[in-house]
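Notes for the structure review
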Amino acid sequence: MKPIEALQAIGLCNNTNDENILRETVSKILDTRDPYYICDFVENVSKVQRREYLKLFEDAMLEIGDIIHSYEFMYLLTDMGVQDFDLKRFEEAVKESGNAKLMMYSLVYIEGVDQESMLQALYDTKNAKYIKQLSTDEEYESLKVTERPEYKERLEEAESYYYFPKSLETVKPEDKKDIPSLIKNVIGMSEENEEERRKKAYSINELANYLQYIIEHHSQGLNVQSLRQAIELLAEAELEVAKDESICLYEFAVSVDMKDKTPIIDRVIQNGSAKYICYCLEYAPDLTEEAKNKLERALAQKHHNKYKVDSKEETKTE
């Protein structure tokens, strides 16, 4: 299915009351196994926001196994207040992934999440960066973690632990402190099909985040400048591997420190998704004025009802 066909499918379903057409179109969208099409379709076709159809889309998203997109799907459905969405399944997927960043996001941005369970899962990752962020970033102030009796102890435990991300376990070298081998293993991941390419794009992002973590928490005896240079090289690799994956490029721009994010921003604009252009404009830190202006111009040209330059409150996400 081509992008124009996905848009036509949305238009068709929004302009018919024929359940047979709806079921047939849903089947076609599911057959693509494309998380972008699935998210866009469910977001824009209110007729499928009921249990009969949601179960099919939920199953498909979790089977695809793209945890970043599963989080996005969860965010969209809860943000829209879809009552029939099975939030619990996606909460469990985020916790099972071991992705501390997504757990941190979930604690504030996912309406109705079981905060206690998610917080305990975040503690269990022993990721000091995101556990600490709960007490230092204003957006997490409502959680009041510093008032919890266990918080200081769990943070100290994480800070003394040599953290390694669960997402990179399959490419972990024999010595997990062997960073050159870890980088080599990630860059050498296969990308022969769509699923492998998405997994590699996710792993590159996770590795870049991890190198930043090492610089902040485990830099003893390491060449920090070399690690920063490696992050810049990973940005180039991500730009190639994830060139058509706007959600991966957006996540990289949001969570990875690098000298210049403009090439990634340019690619997001080129891909043409109003949503991810808006997300980058609103939430990617440390953009140059040139990059911000490019995003604003590109978004204005989309004339999108939801994702627009002045839509901060409407589009609040990660």
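Refer to the preceding data block for the structure.
This structure is a prediction, so every number in the text was calculated from the model and none was measured.

Looking at the nonpolar core
Counting 111 residues, the largest nonpolar core has Phe41, Phe57, Phe73 and Leu134 as the members making the most contacts within it. Here this core takes 10 residues from helix 12 (residues 194-217), the largest share from any one element.

Regarding the pattern of salt bridges
Under the definition given, this model contains 32 salt bridges. Where Lys88 meets Glu92, a salt bridge forms, and the shortest distance between an N and an O atom there is 4.0 Å. Of this pair, Lys88 and Glu92 both sit in helix 6 (residues 87-97), four residues apart, roughly one helical turn. Residue classification places Lys88 among the partly exposed residues on the basis of a relative accessible area of 40%. Across the pair Arg148 and Glu116 runs a salt bridge, and its minimum N-O distance is 2.7 Å. Of the two residues, Arg148 sits in the loop between helix 9 (128-136) and helix 10 (151-159) while Glu116 sits in helix 8 (residues 115-125), which places them 32 residues apart along the sequence. Exposure remark for Arg148: the relative accessible area of 23% places this residue in the partly exposed category. The network of salt bridges with common partners includes Asp34, Glu194, Arg197, Arg198 and Glu245.

Conventions used here
- Residues numbered from 1 in each chain as written.
- Predicted model: local features only at pLDDT ≥ 70, side-chain atom pairs only at ≥ 80, totals over all residues.
- Heavy atoms only, no water.
- Core = buried A, V, L, I, M, F, W, Y, C linked by side-chain atoms within 4.5 Å.
- Buried < 20%, exposed > 50% of the residue type's maximum accessible area, 1.4 Å probe, protein only.
- Helix = DSSP H or I, 4+ residues; strand = E, 2+ residues; numbered from the N terminus.
- Salt bridge = Lys/Arg side-chain N within 4 Å of Asp/Glu carboxyl O.

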